[in-house]
Amino acid sequence: MTDPVLTSEEREKGLVFAPKFDAAGLLTAVVVDAADGTVLVVAHMNAEALAKTLETGKVHFWSRSRGALWMKGETSGHVLAVETVLTDCDQDALLIRATPAGPTCHTGARSCFYREVIPGEGGVALRRKDT
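Heads up: these notes are all about the structure in this document. (Residues numbered from 1 in each chain as written. Predicted model: local features only at pLDDT ≥ 70, side-chain atom pairs only at ≥ 80, totals over all residues. Heavy atoms only, no water.)

## Focus on the packing of aromatic side chains
Our working definition: Aromatic rings from Phe, Tyr and Trp, with only the six-membered ring used for Trp, were paired whenever their centres fell within 6.5 Å, and each pair was classed as stacked if the ring planes differed by under 30 degrees, edge-to-face if by over 60, and tilted otherwise. Here the term buried applies to any residue with accessible area under 20% of the maximum for its type, exposed to any over 50%, and partly exposed to those in between, with areas from a 1.4 Å probe on protein chains only.
Applying the stated rule across the entire model yields one aromatic pair. Relative to Trp 70, the ring of Phe 61 has its centre 5.2 Å away and its plane inclined at 45°; by these criteria the two rings are tilted. For the pair Phe 61 and Trp 70, a shared accessibility class is recorded, and that class is buried.

## Some words on helix α2 (residues 47-56)
Threshold: Helical segments are the DSSP runs of H or I of at least four residues, strand segments are the runs of E of at least two, and each set is numbered from the N terminus. In this description, one arc is meant: the one made by directions from the helix axis to the C-beta atoms. Whether two residues touch is decided by their heavy atoms; if any such pair falls within 4.5 Å, the residues are in contact. Here a polar contact is recorded for every N or O atom pair within 3.5 Å, except that within protein the pair must consist of a potential hydrogen donor and a potential acceptor, and residues adjacent in sequence are included only if both atoms are side-chain atoms.
Taken as a whole, α2 has its buried residues at Ala 49, Leu 50 and Thr 53. Angular distribution of buried residues about the axis of α2 spans 100°; they occupy a single face of the element. Tucked inside the fold, the buried residues of α2 contact β2 (39-45), β3 (60-63), β4 (68-71), β5 (80-87) and β6 (93-100). Its side-chain oxygen placed 3.2 Å from the backbone nitrogen of Glu 48, Asn 46 serves as the N-cap of α2. Gly 57 sits one or two positions beyond α2 and adopts a positive phi of about 80°.

## A closer look at the sheet that holds strand β1 (residues 27-33)
Inclusion rule: Each pair of strands is called paired provided DSSP finds at least two bridges between the two strands. Structural elements are reduced to axes, namely lines fitted to C-alpha atoms, with helices fitted over the stretch in contact, and the angle between N-to-C directions of any two is expressed from 0 to 180 degrees.
Spatial ordering of the open sheet is given by β2-β1-β6-β5, a layout of four strands whose pairing is mixed. Each edge of the sheet is formed by a strand with only one pairing partner; in this case those strands are β2 and β5. Strand after strand, the sheet turns through a mean of 25° between neighbouring axes, direction not considered. Contacts from α2 reach β2, β5 and β6 within the one sheet, and its direction differs from that of β2 by about 130°.

Rendered as structure tokens:
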């Protein structure tokens, strides 16, 4: 996907999809459960991952640690089927509503956000949440 030259007004209010990738060629993708809005995962997409997601209807990401494209659920079978893709006002982040085919987190949790940060007198701790 090439980035057309757009004014700020055109990018923020127009109807041309022109994702704004960062210096590393990535944008942030937040995936929520289409049924109830639970945040499932936050990851990054490059142009190839975004194109594959739009082409296949299954969420793909770019793994910064592995330096590789991957489809969520490619080994577990717990794919994320795209329902809708929204972009933010300056088109540098996506909100994807998807239907999960099983747990989203590699730990087996429904969501990658299954622990709450709890500040306390003895320091900061984590508490597992039911997800």
